[in-house]
Amino acid sequence: MTVPPEFGIRESDLTEMVVPSNLRSAKEPERRIVRAMVRNGYDPETTFGLKLALEEAMTNAVKHGNCNDPSKSVVVRYYVDPRRVVVMVRDEGCGFCPENVPDPTAEENLERPNGRGIMLMHSYTTRVCYNRTGNEVWMLKEKSPPPQPTR
Amino acid sequence: MRPPEWSCTMEQPSSHLKIRRSDDFSLVEFADRKILEELSIQEIEEELTRLVEGQMGLKLVLNFKNVDHLSSAALSMLLKLNRRLEEQNGQLKLSDINRQIFEVFKITRLNRIFQIHDTVEDAIAGFGRV
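Residues numbered from 1 in each chain as written. Chains lettered and ligands numbered in written order. Predicted model: local features only at pLDDT ≥ 70, side-chain atom pairs only at ≥ 80, totals over all residues. Heavy atoms only, no water.

(A) Just the interface of chain A and chain B, in detail. Contacts between the two partners involve 26 residues from chain A and, on the opposite side, 27 residues from chain B. Approximately 2300 Å² of surface area, both sides summed, lies buried where chain A meets chain B, with 57% of it carried by carbon and sulfur atoms. Counting the surface chain A buries against chain B, the share from its top three residues, Phe48, Leu110 and Glu111 of chain A, is 25%. Taken together, chain A and chain B are joined by three salt bridges. Between arginine 112 of chain B and glutamate 107 of chain A there is a salt bridge whose closest N-O contact spans 2.5 Å. If you look at where chain A meets chain B, you find eight residue pairs in polar contact (both at pLDDT 80 or more). Across the side of chain A that touches chain B, the residue classes break down as 10 nonpolar, five polar and 11 charged. (Contact = heavy atoms within 4.5 Å. Buried area = accessible area lost by both parts, 1.4 Å probe. Salt bridge = Lys/Arg side-chain N within 4 Å of Asp/Glu carboxyl O. Polar contact = N/O pair within 3.5 Å; in protein donor to acceptor, adjacent residues only side chain to side chain. Nonpolar A, V, L, I, M, F, W, Y, C, P; charged D, E, K, R; others polar.)

Structure below.
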């Protein structure tokens, strides 16, 4: 899958990293992206949100996509500028259908221990897209506009 | 509100948790700022399970004052702990959750499941009201 057109960047803008499929290695892309966000002037709140969404995407890739198989890899592509952050995470799994994940905020699911990762990814980013297979997720986080001065 | 009086205070050295016990309740502080990684969450879960195991009616406060990041895996661990305590007629209360973390509880609507208090003192006082 190529960059969703509404994300407003070109393929050539992206930096790619391939990391071993384990949760420790999965931290490295997060560190680099957060560093780039700090350099580009993102506030701690926005950084917190992106970090949370990315953490969930990486955990899903390692645990569910690659089934904790250490011989597999996770591909991360990212782009950061002062207006937006784009992150793609792809695993080697056979994918899933995001529409089939039950809503964890529905009354009957509230006490179920699992199923909140995808919901948090949606909540903390501007846009989330999956490829047709469901093993590649694209997330866009736009910088919130500064509050308008009150007169 | 006066600070809690510990009839028996015990510090337990552990990699992830600081545990203090009184006759009436237990207070747990997270040593880690981030409750994110699967591995550390598993270890935290094991430590908490050991703490509550067989403790019928245990009143437990989890103090989040050191925590500035968490993940859905941590929420899952808290839900399992809450369920376990309920099965043992115990109670779980959370305290000192910062604004960003509280937002995670609100977004997931788990603020409806957990009893969340501003401070440890409020949480302890809350035990008396139930």
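(B) Structural view of the nonpolar core. With 65 residues, the main nonpolar core has Ile33 and Val87 of chain A together with Leu60, Leu62 and Phe105 of chain B as its most contacted residues. Leaving out residues up to four positions away in the same chain, phenylalanine 105 of chain B has contacts with Leu70, Leu75, Leu78, Leu94, Ile97, Leu110, Asn111, Phe114 and Ile116 of chain B. (Core = buried A, V, L, I, M, F, W, Y, C linked by side-chain atoms within 4.5 Å. Buried < 20%, exposed > 50% of the residue type's maximum accessible area, 1.4 Å probe, protein only.)

(C) A look at the pattern of salt bridges. Residues and elements named next belong to chain A. The full count for this structure, using the stated rule, is 17 salt bridges over all chains. In this structure, the salt-bridge partner of arginine 90 is glutamate 136, at a minimum N-O distance of 3.3 Å. With arginine 90 in strand E3 (residues 84–90) and glutamate 136 in strand E5 (residues 136–142), this pair connects stretches of sequence that are 46 residues apart. Take arginine 90: its relative accessible area is 27%, and that puts it in the partly exposed class. Accessibility expressed as a relative area gives 3% for glutamate 136, which makes it buried. Through salt bridges with shared partners, one network takes in Glu11, Glu16 and Arg77. (Helix = DSSP H or I, 4+ residues; strand = E, 2+ residues; numbered from the N terminus.)

(D) Geometry of the environment of glutamate 16 of chain A. All names here are of chain A. Mapped onto the fold, glutamate 16 is located in strand E1 (residues 15–20). On a C-alpha basis, the gap between glutamate 16 and valine 89 in space is 10.0 Å, while along the polypeptide they are 73 residues apart. The residues touching glutamate 16, leaving out its near neighbours within four places in the chain, are Val75, Val76 and Arg77. A distance of 3.4 Å separates the side chain of glutamate 16 from the side chain of arginine 77, its partner in a polar contact.

(E) Representation of unusual backbone geometry. Despite not being glycine, cysteine 67 of chain A has its phi angle at roughly 50°, a positive value. Topologically, cysteine 67 of chain A is positioned in the loop between helix H2 (44–65) and strand E2 (73–80). A residue is classified by how much of its surface remains accessible, and cysteine 67 of chain A, at 57% relative accessible area, is exposed. Residue arginine 109 of chain B is not a glycine yet carries a positive backbone phi of 65°. Counting through the fold element by element, arginine 109 of chain B comes out in the loop between helix H3 (99–107) and strand E7 (115–117). For arginine 109 of chain B, a relative accessible area of 25% puts it in the partly exposed group.

(F) Region of interest: helix H1 (residues 27–39) of chain A. Residue and element names in this part refer to chain A. Compared with an ideal rise of 1.5 Å per residue, which puts 13 residues at 18 Å, H1 spans 18 Å between its outermost C-alpha atoms and is within 8% of the ideal. Of all the residues in H1, the buried ones are Lys27, Pro29, Glu30, Ile33, Val34, Ala36 and Met37. Turning to H1, the residues buried within the fold contact E1, H2, E2 and E3. After H1 finishes, the residue glycine 41 shows a positive phi value of roughly 80°. (Expected span 1.5 Å × (residues − 1).)

(G) Inspection of the packing of aromatic side chains at higher detail. A full pass over the atoms with the stated rule returns seven aromatic pairs over all chains. Measuring from centroid to centroid gives 5.8 Å for phenylalanine 105 of chain B and phenylalanine 114 of chain B, while their planes differ by 85°, and the two rings are edge-to-face. Taken as a pair, phenylalanine 105 of chain B and phenylalanine 114 of chain B share a single burial class, namely buried. The ring of tyrosine 42 of chain A carries lysine 143 of chain A above its face, with NZ or CZ at 4.7 Å from the centroid. (Phe/Tyr/Trp six-rings, centres within 6.5 Å; stacked < 30°, edge-to-face > 60°. Lys NZ or Arg CZ within 6 Å of the ring centre and 35° of its normal.)

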